[in-house]
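Structure at a glance
Listed below are the residues making up each chain.
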Amino acid sequence: MTHPTRNAPTVGIAMAAYRAAETIGDSLRAILAQSRPPTRTVVAIDGPDPETETVVQAFGPEVECLVLPRNTGGPGGPRNAAVTHLRATGDVDAYCFLDADDVPYRRFLEVATDLLIRHPEAPIAYTGFDFWHPPEHPPSPKDPTERAHSWTLDEYLERSGEHLLSFSVVRSGACTAVRDGGLPFDPELRRNQDYDLTVRLLAEAPGVATALRGAAYRIASTSHSASGVAAWSSRLLANESLGRHFRRSGRPELVAIMDRHAGSALRRAARHLWIRADTGDRPAASRLLLDDFTKRRDPRSMAVLLMLALGLDRKATGMSARDHRQIDPDVLG
């Protein structure tokens, strides 16, 4: 076990993995080579996966390996298992939820934990990231001096792809407080768990971020987020779930915000369905928009349907053809 720098928050990596044997070795080597290494690294494998388990166990005692009895269908379940393990065996001041195919640069945790030290009111500290398109080599990290800036809920909702949970450090106490069960991730959400947690965190207090790039973010054409239909349908479900949460919490202003973003996600999903134009897609898009108009009384959904039918919807025509493909059922978990 490594020893943290004096006065720095202790950090536990809670990593989910499944069918990650080809990538997780690079991720773990980069974690263990950090200028300020984590106090603990726990990999929770999402169901039996002997190949990934073999790679993780090769790192010996520096990386703790858990194997869930069955696949849960998303990263939230194994991450919760890793956090539960950390708490049961000592816990840490903060968690980091790196993915099993990301490669953090050497100063990632140093920069992120320094942000937490300098901003004790922030529940979460973000670094930036580089896009990485294998089989190219990971980008070379640059190390400029970057000033920190606040990152509010409104900013996140408008630009959620600018800062990602994977490249952040979250105070463990903030994770405990975001839901009644005390665990970070909603087990009912198979997708957009990161979004759900981030909205709950930033609803309580702004985070802090730096543009200094802390990691390489692997882009995979087979990922869930690479399908516009799948990505925005999942975002719709997450926004509706968050709306119910804030309604129970007595925060009507946030209920209204989540309802607005749910409508926006629905219309984006409908546009992707319409342009994809496989059998049944356009009727499905029409039903989605008509149901939304009936439920929310939002005239924008009816306007989008009319513009799509007339071929005049500029947002739809500007979408990339790559986003309109069907997604492999295996990717959906």
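Keep in mind that what you see is a predicted model, and the values were worked out from it rather than measured.

Look at helix α8 (residues 228–248) against helix α9 (residues 252–276): their axes get within 8 Å of each other, and the N-to-C directions meet at 165 degrees. Between α8 and α9, the crossing angle belongs to the class labelled roughly antiparallel. With respect to the hand of their crossing, α8 and α9 are arranged in left-handed fashion. Residues Gly 228, Val 229, Trp 232, Ser 233, Arg 235, Leu 236, Asn 239, Glu 240, Leu 242, Gly 243, Phe 246 and Arg 247 of α8 form the contact with α9, whose own contacting residues are Leu 254, Val 255, Met 258, His 261, Ala 262, Ala 265, Leu 266, Arg 268, Ala 269, His 272, Leu 273 and Arg 276. Each residue belonging to the contact of α8 with α9 can be placed in one class, and the counts come to 13 nonpolar, six polar and five charged.

Core analysis: the largest hydrophobic core is formed by 37 residues, its most contacted members being Phe 97, Tyr 195, Val 199, Phe 246 and Met 258. Setting aside chain neighbours within four positions, we find Met 258 in contact with Leu 157, Tyr 195, Val 199, Asn 239, Leu 242, Gly 243 and Phe 246. In this structure, Val 11, Ile 31, Ala 100 and Val 169 belong to the second largest nonpolar core, which totals 30 residues.

One pass over the structure, following the stated rule, counts eight aromatic pairs. When the centroid spacing of 6.2 Å and the interplanar angle of 45 degrees are considered together, the rings of Tyr 95 and Phe 97 count as tilted. Looking at Tyr 95, the relative accessible area reads 0%, which means it is buried. Centroid distance Phe 97 to Phe 185: 4.9 Å. Interplanar angle 80 degrees. Geometry classified as edge-to-face. Separated by 88 residues along the polypeptide, Phe 97 in the loop between β4 (94–96) and β5 (103–104) and Phe 185 in the loop between α6 (172–177) and α7 (193–202) bring together distant segments of the chain. Each member of the pair, Phe 97 together with Phe 185, is buried. Taken together through their ring pairs, the aromatic side chains of Phe 129, Phe 131, Phe 167 and Tyr 217 make up a single cluster. A cation over a ring is seen here: Arg 235 above Tyr 195, with NZ or CZ 3.8 Å from the ring centre.

Our focus in this paragraph is a nonpolar patch on the surface. A cluster of nonpolar side chains, contributed by Met 307, Leu 310 and Leu 312, occupies part of the molecular surface with about 300 Å² of accessible area. Accessibility expressed as a relative area gives 61% for Leu 310, which makes it exposed.

What follows covers the confidence of the model for the protein. Scored by pLDDT, the protein comes out at a mean of 89, with 91% of its residues at no less than 70. Taken together, the stretch residues 1–5 has pLDDT below 50 and engages in nine contacts with residues farther than four places along the chain or on a different chain.

Taking 1.5 Å of rise per residue, 16 residues should cover 22 Å, and helix α10 (residues 281–296) covers 22 Å from first to last C-alpha, within 8% of that figure. Those residues of α10 that sit buried are Asp 281, Ala 285, Ser 286, Leu 289, Asp 292 and Arg 296. The buried residues of α10 occupy an angular sector of 140 degrees when the element is viewed end-on, so they sit on one face. Facing away from the buried surface of α10 by more than 90 degrees, the exposed residues are Arg 287, Asp 291, Thr 294 and Lys 295.

Reading guide: rules and limits
- Residues numbered from 1 in each chain as written.
- Predicted model: local features only at pLDDT ≥ 70, side-chain atom pairs only at ≥ 80, totals over all residues.
- Heavy atoms only, no water.
- Axes fitted to C-alpha atoms, helices over the stretch in contact; angles between N-to-C directions.
- Helix = DSSP H or I, 4+ residues; strand = E, 2+ residues; numbered from the N terminus.
- Parallel < 35°, antiparallel > 145°, perpendicular 65-115°, else oblique.
- Left-handed = near helix turned anticlockwise from the far one by under 90°.
- Contact = heavy atoms within 4.5 Å.
- Nonpolar A, V, L, I, M, F, W, Y, C, P; charged D, E, K, R; others polar.
- Core = buried A, V, L, I, M, F, W, Y, C linked by side-chain atoms within 4.5 Å.
- Buried < 20%, exposed > 50% of the residue type's maximum accessible area, 1.4 Å probe, protein only.
- Phe/Tyr/Trp six-rings, centres within 6.5 Å; stacked < 30°, edge-to-face > 60°.
- Lys NZ or Arg CZ within 6 Å of the ring centre and 35° of its normal.
- Patch = residues over 30% accessible without salt bridge, like charges linked within 9 Å, V, L, I, M, F, W, Y side chains within 5 Å.
- Areas by Shrake-Rupley, 256 points an atom, 1.4 Å probe, with all protein chains shown as cover.
- Salt bridge = Lys/Arg side-chain N within 4 Å of Asp/Glu carboxyl O.
- pLDDT = per-residue confidence, 0-100.
- Expected span 1.5 Å × (residues − 1).
- Arc of directions from axis to C-beta.

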